[in-house]
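# Descriptive structure summary
Chain by chain, the residues:
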Amino acid sequence: MAEDSDLEKTEEPTGRRVEQAREQGQVPHSRELGTFLVLIVAAAAFWMMGNWFVSRSMAVIKKGFMVEPKFMHEPAQMLSRLADISGDALFVFSPLFGLLLLAAVLPPFFLNAWVFAPKALVPDFKRMDPIAGFGRMFSWNSLMELGKAILKACLVGGVAAMLIWGEREEIFGLFGEPLEAAVAHAGKLIVFSFLLLVAALILVVAADVPFQLWQYFDKLKMTKEEVKQEMKEMMGDPHIKGRIRSLQMQAARRRMMAAVPQANVIVTNPTHYAVALSYKMGMSAPKVVAKGAGAIALKIRELAAEHAVPIMEAPPLARALYKHAELDSEIPSALYNAVAEVLAYIYQLANWRQVGGVYPVPPRDLPVPPELVPEAA
């Protein structure tokens with residue numbers, strides 16, 4: 001039973017699975033959304049610019065029916081005249097063509113499906129299999145498409161019937177109007193009815209888009225074994241491992257540098273190593289809150305100087321602390337006495353700055369066990 005459950009696609013697709021599908025050109029798409037956007041843009045364009053289209057089209061038609069004498073005697077110029085009239089017609093409807101083009105490319109943006117996938121251009125001969133094609137005709141997706149078609153037909157037919165019934169008086173009134181007024185009035189009725197019919201399709205779009213998204217992600221679902229295998233592949237990638245280690249080191253370094261201003265003292269080599277120590281009442285022993293060599297040591301010293309944290313040069317102790325003391329851990333017991341002398345001096349120095357008196361003498365020859373001191377760098 002456990003093996004069967006591992007083979008069932010019950011897990012949501014991972015980001016890598018979705019990205020691989022996009023590379024293959026598999027993205028969610030809704031035909032209803034594309035159809036709706038093209039039709040609603042066309043209806044809105046005719047509604048707002050209908051008078052301009054009609055007037056300009058009439059001008060083009062009149063120009064086409066006007067034949068100048070020179071064209072009657074020189075038929076060769078008819079081709080240039082045809083090109084001239086065609087250019088005028090194209091200019092008249094160029095705003096509509098531009099809006100329709102924009103509406104045609106917008107649907108992928110609404111579904112986050114805009115992707116360039118060269119792999120999708122490779123011919124797939126499996127799709128030419130007649131048996132598979134026959135199976136697709138009676139698939140669940142085909143039934144849904146049939147249901148949507150019936151829904152659209154009923155919806156559009158119902159809205160059209162309501163419009164005709166509601167505007168029946170105006171429709172019959174067209175017969176009593178002058179020709180030009182009747183044509184203009186009929187045009188407005190047609191455009192208005194078309195706009196309402198297209199607007200009714202938003203119900204179909206509202207049902208189709210969520211279904212297409214659900215169907216898309218449902219097809220990409222993974223088995224538990226596939227998820228485990230993908231995680232193994234990702235964690236086994238040396239580039240990913242290196243990136244993870246780099247991010248972890250950066251995060252740890254940021255936390256370490258943030259602790260430097262709260263340190264009691266910075267013990268230095270003086271240039272190669274820097275170790276920040278902190279001791280508060282109640283702690284069993286001083287703790288190393290930051291340490292580093294080279295550029296990191298320089299950064300620690302700069303932060304310490306910026307926040308007025310005392311810096312003390314003690315090369316043997318600095319090397320011993322850097323080598324044997326772990327970050328965010330207490331110092332080794334063998335270094336208690338040496339660190340105690342350093343902290344005592346720091347406290348005396350702070351007291352001298354407040355009340356004055358005799359300047360404290362820095363400790364010399366700190367009791368650092370030789371076996372803990374690595375070779376000087």
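Quick notes on the rules
- Residues numbered from 1 in each chain as written.
- Predicted model: local features only at pLDDT ≥ 70, side-chain atom pairs only at ≥ 80, totals over all residues.
- Heavy atoms only, no water.
- Pairing = 2+ DSSP bridges.
- Helix = DSSP H or I, 4+ residues; strand = E, 2+ residues; numbered from the N terminus.
- Axes fitted to C-alpha atoms, helices over the stretch in contact; angles between N-to-C directions.
- Core = buried A, V, L, I, M, F, W, Y, C linked by side-chain atoms within 4.5 Å.
- Buried < 20%, exposed > 50% of the residue type's maximum accessible area, 1.4 Å probe, protein only.
- Contact = heavy atoms within 4.5 Å.
- Expected span 1.5 Å × (residues − 1).
- Phe/Tyr/Trp six-rings, centres within 6.5 Å; stacked < 30°, edge-to-face > 60°.
- Parallel < 35°, antiparallel > 145°, perpendicular 65-115°, else oblique.
- Left-handed = near helix turned anticlockwise from the far one by under 90°.
- Nonpolar A, V, L, I, M, F, W, Y, C, P; charged D, E, K, R; others polar.

On to the sheet that holds strand β4 (residues 273–278). Hydrogen bonds between backbone groups are what pair the strands of a sheet, and the pairing can be parallel or antiparallel. Taken in spatial order, the 4 strands line up as β5-β4-β3-β6 in an open sheet, and their pairing is mixed. Edge positions in the sheet fall to β5 (287–293) and β6 (311–313), since each of these pairs with one other strand and no more. Taken pair by pair, the neighbouring strands of this sheet meet at an average axis angle of 20°, ignoring direction. Two strands pair when backbone bridges link them, and strand β3 (residues 265–268) and β4 are joined in this way by 4 bridges, in the antiparallel orientation.

What follows concerns the environment of G294. Mapped onto the fold, G294 is located in the loop between β5 and α14 (295–306). Sequence separation of G294 and H272 is 22 residues, and the distance between their C-alpha atoms is 5.2 Å.

With that settled, consider the nonpolar core. The biggest cluster of nonpolar side chains holds 24 residues, and the ones touching the most others in it are V265, V267, L277, L317, L321, L335 and V339. Of all the secondary structure elements, the ones that give two or more residues to this core are β3, β4, α15 (315–324) and α16 (336–355). In terms of residues, this core owes the most to one element, α16, which gives 7 residues. Not counting chain neighbours up to four residues away, the residues in contact with V339 comprise L277, P286, L317, L321 and I331. In terms of nonpolar packing, the next biggest core, distinct from the first, is built from 17 residues, A103, L197, V198 and V205 among them.

We now examine the pairing of β4. Taken across its 6 residues, β4 has 6 buried, putting it largely inside the fold. Here β4 shows a buried face lined by Y273, V275 and L277 and a second buried face lined by A274, A276 and S278. As paired strands, β4 and β5 are joined by 6 bridges and run antiparallel to one another. Note that in β5 the partner of A276 across the bridge is A290.

On to α14. Residues that lie three or four places apart on an α-helix share one face, since the helix turns once every 3.6 residues. Between its terminal C-alpha atoms α14 stretches 16 Å, which fits the 16 Å expected from 12 residues at 1.5 Å a residue. Of the residues trailing α14, A308 is marked for its positive phi of about 60°.

Turning our attention to the packing of aromatic side chains. Taken as a whole, this structure holds 6 aromatic pairs when the rule is applied. Ring geometry for Y273 versus Y322: centroids 4.7 Å apart, planes at 45°, classification tilted. Here the residue Y273 occupies a position in strand β4, and Y322 occupies one in helix α15, the gap between them amounting to 49 residues. A relative accessible area of 14% places Y273 in the buried class.

At a minimum axis separation of 8 Å, helix α3 (residues 31–65) and helix α11 (residues 202–219) run at an interaxial angle of 150°. With respect to α11, the axis of α3 lies roughly antiparallel. Where α3 crosses over α11, the two elements pack in a sense that is left-handed. Along the contact surface, α3 presents R31, E32, L33 and F36, while α11 presents I202, V204, V205, D208 and V209. Taken together, the residues that form the contact of α3 with α11 break down as 6 nonpolar, no polar and 3 charged.

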